[in-house]
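# Report on the structure
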Amino acid sequence: MAYIYEYIRTRGAKPLYFEEHYNRLEDLSRDIFMTSLPISREELYKSIVRRLEVAGYASTATNAVCVRISPFIQEATITIEEILYDDFSLRALRPESYIFGASGESITKKTSVRSSLLEFNRSTAQITDSGVAIWATEQGEVIAIDGASVVAVFEDEIRFSNYGCDLEFDIAFEEMSKVAESVTRGTIFVEELTKAKELIGIDYRGVLAVESFGSHLFMDITAEKIATKISEVEV
């Protein structure tokens, strides 16, 4: 069954930035299903809290819930994904990367199509040890890295992708715009990747600094700064 989804970071039994996430789900429901969400703010908030309380996490524990909503079904599917880091962090993983051709509006938004493609990529990576997939259109536009929103750092520019769809990505753009020059939103092309100093993915799991693309190696200086900025404002 088709669904839309949103990952929400949590602390204890509290969903963080709940209003922002709910609004994103509402906008996505109107865009994809042409109707409002079938569950109210209050109902969804209570459902998330109940799910976390049953799991019995400590009040300081940081995790995430995946909220999946199908049209006309008034109950959301809520699953918990445990996160290894206490705060929003630069992840220890430094993967290699490869290009995976992908296109269509459904994968640029948080839909069941995007989720299925990501699951396929991750299963393939486990079997082949091929690193993380960089989704790219036929036009060579970078959409995501391992499903996460993309930032490319060049010599004189920190470019946040136009395809970014994660709340943490938007927070990072806002915070970095306050402290760094030449922070932009725009298209990142595959042909530019070997010119980048850093290639970064941002989502609910934290900040992913890609180690390499082919023979081109990346650093992680800006990635660490971004993780720190998001951690400082996370409420």
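Everything below is about the structure shown above.
Since the model is a prediction, treat every value here as computed from it, not as a measurement. (Residues numbered from 1 in each chain as written. Predicted model: local features only at pLDDT ≥ 70, side-chain atom pairs only at ≥ 80, totals over all residues. Heavy atoms only, no water.)

### Some words on the packing of aromatic side chains
On inspection of all chains with the given rule, the structure shows eight aromatic pairs. Consider the rings of Tyr-7 and Tyr-204, whose centres lie 4.0 Å apart with planes at 5°: the pair is stacked. Of this pair, Tyr-7 sits in strand E1 (residues 4-11) while Tyr-204 sits in the loop between strand E11 (198-203) and strand E12 (206-209), and the two are 197 residues apart along the sequence. Centroid distance Phe-18 to Tyr-45: 5.1 Å. Interplanar angle 85°. Geometry classified as edge-to-face. Taken together, the residues span a long stretch of sequence, with Phe-18 in helix H1 (residues 18-32) and Tyr-45 in helix H2 (residues 41-55) at a distance of 27 residues. One aromatic cluster is present, built from ring pairs that chain together Tyr-3, Tyr-5, Tyr-7 and Tyr-204. (Phe/Tyr/Trp six-rings, centres within 6.5 Å; stacked < 30°, edge-to-face > 60°. Helix = DSSP H or I, 4+ residues; strand = E, 2+ residues; numbered from the N terminus.)

### Section: the sheet that holds E11
In space, the five strands of this open sheet follow the order E10-E9-E8-E11-E12, with mixed pairing throughout. The strands lining the two open edges of the sheet, one partner per strand, are strand E10 (183-186) and E12. Pairwise comparison of adjacent strand axes, ignoring direction, gives a mean angle of 25° for this sheet. Here strand E9 (residues 157-161) runs beside E10; their pairing, made up of four bridges, is parallel. Bridge assignment links Ser-161 to a residue of E10, and that residue is Gly-186. Relative to E10, helix H5 (residues 167-179) is tilted by about 140°, and along the sheet it contacts strand E8 (149-154), E9, E10 and E11. Of the strands in this sheet, E8, E9, E11 and E12 touch helix H6 (residues 221-233), which is tilted by about 25° from E11. (Pairing = 2+ DSSP bridges. Axes fitted to C-alpha atoms, helices over the stretch in contact; angles between N-to-C directions. Contact = heavy atoms within 4.5 Å.)

### Section: empty space enclosed by the protein
What the rule picks out here adds up to one cavity of 30 Å³ or more. The calculated volume of the largest cavity comes to roughly 40 Å³. It is H5 that contributes the most residues to the lining of the largest cavity, three residues altogether. In terms of residue class, the lining of the largest cavity is built from four nonpolar, one polar and three charged. (1 Å grid on protein atoms, 1.4 Å probe; cavity = no way out; pocket = protein on both sides within 12 Å on 5 of 7 lines; lining within 4 Å. Points joined across faces, edges and corners; volume = space filled by probe spheres on them. Nonpolar A, V, L, I, M, F, W, Y, C, P; charged D, E, K, R; others polar.)

By themselves, these are just geometric observations and shouldn't be taken as functional.
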